[in-house]
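Residue strings, one per chain:
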Amino acid sequence: MASIQEIQGQIVDDFSFLPAWDERYAYLIELGQKNTLLPEEYRTEDNIVRGCQSLVWLHKECRQGEVFLQADSDSLIVKGLAALLLQVFSGQPAEAVIKADLTFFKEIGLDKHLSSQRANGLLAMVEEIKAFAAQCVGGAA
Amino acid sequence: MAIDIDKIRADFPILSTLVNGKPLVYLDNAATTQKPRPVIEAITDYYSSYNSNIHRGTHHLSNLATEAHEAARKTIQRYINAEHAHEVIFTRGTTEAINLVAFSFGEAFVNPGDDVIVTTMDHHSNFVPWQMMCERRGANFRVVPFDENGDLRLDVYQNLLGEKTRIVAFNHVSNSLGTINPAKKVIQMAHDAGAAVLVDAAQSVQHIEHDVRALDADFYAFSGHKIYGPTGIGVLYGKEAWLDAIPPYQGGGEMIDQVSIERTTYNKPPFKFEAGTPNIVGPIGLAAAIDYLNGLDFADIMASEDSVLKYGRSRLLEIDGLTIYGNAQHRTSILAFNIDGVHHYDLGTLLDTHGVAVRTGHHCTQPIMTALQIDGTVRASLALYNTRDDIDALVAAIRKVLKMLGR
Ligand SMILES: Cc1ncc(COP(=O)(O)O)c(C=O)c1O
C-alpha cells in the first residue's frame, strides 16, 4: 500500500489537471459519491461528527494496528472532503496516521474548508481520526 | 428622485474587486456591509493626523480626538433622533449593548419570579444574554413564537405580558427571515403592561425607520459594521431615566466620579457605561458612515432596496424546487432559501466559485431553524449598493451550480 505521503502527492497531481474552481469541486463531488459508502448500521448518533452546518458520520475500525474508516455526509462537498481523508488514512498503520501532516488540502486549494472548521466539521474529523489512531497503535482499541 | 446606484457603487472600493477571478457579487450584507471611501478615509485620517487618547489629555491632539469622538456621538444622536447625546453609549457592537442591558437592568429590576420576554426569531445575541440573566436572577424566560409566514404571534405575546413582565427584547428586523416586526405596537403593548423594551436594531437601523423617540424604545442597540461603518463599534441608546436608574456594567477608568478605598461614585451617562479607553476611532468611522447616508435620500434608499428585494424574490422563485423562508407581511433586505435536494453549504461554497458571496447555515438563529424544521438556509442579503444585476448574477450562478450538480 502506498504511504500517506505518496497518496497525498497523487491527490495533488490529480487536482493539478483541473485549474478551474468549478472543475475541482465537480471532481471532489464525484470522488465523494464514488468513494464514500456507509452502511445504515453505522449511521449512529455516536458516529456523528458535528459541524456547524453539515453532518458527517465517521465509522472507525482498528485491525492489527491499522486504521480503517468509512464516512458519509449530508453535504456533497463535505462528502468529497471526507473521501479524500479516507483515501489518505484508511488502511494505514496507526502510527503513520498519528504522525501524518496533511499538506494536500492547502496544495489543492481546499484548505479553507479546514480553517472554517466550525462550518463543516472537517477539522473535527481529522482530530477524531488521529485520536482514534492513538488508541489503535499496536493493535489495541 | 431615484438614487444613482452606479455612483454609489463607485464609492465602495471593494465592490470592484475580483473574487476567484470573477467580479464580486456581494450579497452578505446582513453579516457585514462594505465601507464607502469616506469611512476608510476618516479612519486613515484619524491615525495619520490626530491619534491620541481622549477625555484626559491637556494637549492639542487629545483635544482634537476628543472633539471628533464626541461630535460622532452627536451625529449618531441625530440619526436615531435621541433627545440627548449622553443617551448614546458606545459599545463593541449590538452584542455588547444587549449584554450591558441584560446585566445592568437585570441587577436593578429583575427579581425571582419576574418575567423576561424575547422572541423565537431573535438572534442568539438577543436571546442568550437574557437567558443568562434569567438564570442569574431566578426569572422566567418567555419566548414569543412566530407563525408560518414569519410574523410574530402578537396574540401569544399579549397573553405572555403581565404585571410580572420586566423587560421585552425583540429584533425590529429578523436577520434570518427579513420580517419587519410591528415595533411601535410591540413596544406600546409592553409599556401598557408596565415593562421596558429593548429593540435589537442590528438589521433595521440601516434599512428602515430608526427614530427611537417615534418608536418610544427604552433601549435600542445596533452595530456600526452593518451600517457601512467599521467593526468593533456599536451603539446602545437608552432613555436618560433608565441610564440613570441602572448600575454600571464594567468598572474601570472613565466611568468613575471619585474613587477611594471606602467607596467609589460613578460618572454620569454615557461615561458611566464606558469603562476604560474606548474604541476612539470607531465612532469617528461610524459617524462618517452616517454622514454618507445623510448625503443620500433615505426614502430613495428604502425604495431602491425594496425594489431589488421584490425582484430577487420573483427571480428566485423561477427556480424549480426553491423555497423561500420568510413571507411576513412586511419584509426587508433578506432572501433566505433552500433548493430541494441541495445542501446549503454546497450551494454557498459553489456560488463562491462564481464570485457570489452569500451566507449559509443557521445565521445564529437556531430557534428559527428548529421552528422551521430545517438545519440551515442560503441567505442573500441586500444593502443600498445592490442592484437587479446582482440578483441576475445570483440566479445565473445558481443555475450553473444546479447544472454542475446534475439537476
Ligand atoms: C438581528 C441581529 N442581532 C444582533 C446581531 C449581533 O451583532 P454583532 O455581532 O455585530 O454584535 C446581529 C448580527 O449578526 C443580528 O443580525
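Residues numbered from 1 in each chain as written. Chains lettered and ligands numbered in written order. Predicted model: local features only at pLDDT ≥ 70, side-chain atom pairs only at ≥ 80, totals over all residues. Heavy atoms only, no water.

Enquirer: Explanation requested: the sheet that holds strand β4 (residues 92-93) of chain A in the structure shown.
Expert: Adjacent strands of a sheet form backbone hydrogen bonds with each other and so pair up, either parallel or antiparallel. All names here are of chain A. Spatially, four strands are ordered β1-β2-β3-β4 in an open sheet, and the strand pairing comes out antiparallel. Both outer strands of the open sheet, β1 (48-50) and β4, are each paired with one neighbouring strand and no more. Looking at chain direction, β1 and strand β2 (residues 55-63) are connected through three bridges and run antiparallel. Each residue of the ladder has a partner; that of R50, found in β2, is L55. Against the sheet, helix α3 (residues 76-89) contacts β2, β3 (66-73) and β4, and its axis sits at roughly 170° relative to β3. Of the strands in this sheet, β1, β2 and β3 touch helix α8 (residues 122-136), which is tilted by about 15° from β2. (Pairing = 2+ DSSP bridges. Helix = DSSP H or I, 4+ residues; strand = E, 2+ residues; numbered from the N terminus. Contact = heavy atoms within 4.5 Å. Axes fitted to C-alpha atoms, helices over the stretch in contact; angles between N-to-C directions.)

Enquirer: Please clarify how the packing of aromatic side chains should be interpreted in this entry.
Expert: Here the distance between the centres and the angle between the planes together describe a pair of aromatic rings. All names here are of chain A. Across all of its chains, the model carries 17 aromatic pairs over all chains by this definition. Residue placement shows R43 over the ring face of W57; its charged tip is 5.1 Å from the ring centre. Over the aromatic face of F68 sits the side chain of R63, whose NZ or CZ is 4.1 Å from the ring centroid. (Phe/Tyr/Trp six-rings, centres within 6.5 Å; stacked < 30°, edge-to-face > 60°. Lys NZ or Arg CZ within 6 Å of the ring centre and 35° of its normal.)

Enquirer: Just checking my understanding: could you explain the pattern of salt bridges for this structure?
Expert: Opposite charge on two side chains allows them to pair when their charged atoms are near. Considering all chains together, one arrives at 22 salt bridges over all chains under this definition. With a shortest N-O distance of 2.7 Å, D392 of chain B and R315 of chain B are connected by a salt bridge. Taken together, the positions of D392 of chain B in helix α14 (residues 388-404) and R315 of chain B in helix α11 (residues 298-316) put the pair 77 residues apart, joining distant regions of the chain. Judged by relative accessible area, which is 19%, R315 of chain B ranks as buried. A network of salt bridges, in which partner residues are shared, links E40, R43, D72 and K79 of chain A. (Salt bridge = Lys/Arg side-chain N within 4 Å of Asp/Glu carboxyl O. Buried < 20%, exposed > 50% of the residue type's maximum accessible area, 1.4 Å probe, protein only.)

Enquirer: So what exactly am I meant to see when it comes to α14 of chain B here?
Expert: At 3.6 residues per turn, the α-helix brings residues three or four places apart onto the same side. Residue and element names in this part refer to chain B. In a regular helix each residue adds 1.5 Å, so 17 residues correspond to 24 Å; α14 covers 24 Å between its end C-alpha atoms and thus fits that length. Of the positions making up α14, those classed as buried are D390, I391, L394, V395, A397, I398, V401 and L402. Looking straight down α14, one finds that the buried residues subtend no more than 160° of arc, so they occupy a single side. Residues of α14 that are exposed and point more than 90 degrees away from the buried face comprise D389, K400 and K403. Backbone nitrogen of D389 and a side-chain oxygen of the N-cap are separated by 3.1 Å at the start of α14; the cap is T387. Where α14 ends, the next residue or the one after it, G406, has phi of about 70°, a positive value. (Expected span 1.5 Å × (residues − 1). Arc of directions from axis to C-beta. Polar contact = N/O pair within 3.5 Å; in protein donor to acceptor, adjacent residues only side chain to side chain.)

Enquirer: What exactly am I supposed to notice about the nonpolar core here?
Expert: Soluble globular proteins tend to bury their nonpolar side chains together. Counting 71 residues, the largest nonpolar core has F89 and F105 of chain A together with L316 of chain B as the members making the most contacts within it. Among the elements that take part in this core, α3 of chain A stands out by supplying nine residues, more than any other. (Core = buried A, V, L, I, M, F, W, Y, C linked by side-chain atoms within 4.5 Å.)

Enquirer: How should the environment of F132 of chain A be read in this particular structure?
Expert: All names here are of chain A. For F132, the location among the structural elements is in helix α8. Judged by its relative accessible area of 11%, F132 is buried. Residues within four places of F132 in sequence aside, it is in contact with K60, E61, C62 and V67.

Enquirer: Any chance you could explain the site of the ligand here in plain terms?
Expert: Residues and elements named next belong to chain B. Every residue lining the ligand is accounted for by T94, T95, H123, S125, N175, D200, A202, Q203, S223, H225 and K226. H123 has a polar side-chain atom sitting 3.1 Å from an oxygen atom of the ligand. A distance of 2.7 Å is found between an oxygen atom of the ligand and a side-chain nitrogen or oxygen belonging to S223. Across the complex, the protein chains shield 86% of the 400 Å² of accessible surface that the ligand would expose by itself. Cavity membership is defined here by more than half of the atoms lying within 2 Å of grid points; on that basis the ligand lies in the second largest pocket. (Near = heavy atom within 4 Å. Areas by Shrake-Rupley, 256 points an atom, 1.4 Å probe, with all protein chains shown as cover. 1 Å grid on protein atoms, 1.4 Å probe; cavity = no way out; pocket = protein on both sides within 12 Å on 5 of 7 lines; lining within 4 Å. Sits in = over half its atoms within 2 Å of the grid points.)

Enquirer: Whenever I open this one, the domain arrangement of chain B confuses me. Can you help?
Expert: Accessible area lost upon the coming together of the parts is a frequently used measure of interface size. Residues and elements named next belong to chain B. What the domain assignment reports for chain B is domain 1 (5-30 + 297-404) and domain 2 (40-294). Measuring from the centre of the C-alpha atoms in domain 1 to the corresponding centre in domain 2 gives 28 Å. For the pair domain 1 and domain 2, the two sides together bury roughly 2600 Å², of which 61% comes from carbon and sulfur. By the criterion of area lost to domain 2, the three top residues of domain 1 are F298, T332 and I368, representing 20% of everything that side buries. Counting residues per element, the side of domain 1 that touches domain 2 draws most heavily on helix α13 (residues 366-372), at six residues. Grouping the constituent residues of the side of domain 1 that touches domain 2 by class yields 21 nonpolar, ten polar and four charged. (Domains from an automatic or database assignment. Buried area = accessible area lost by both parts, 1.4 Å probe. Nonpolar A, V, L, I, M, F, W, Y, C, P; charged D, E, K, R; others polar.)

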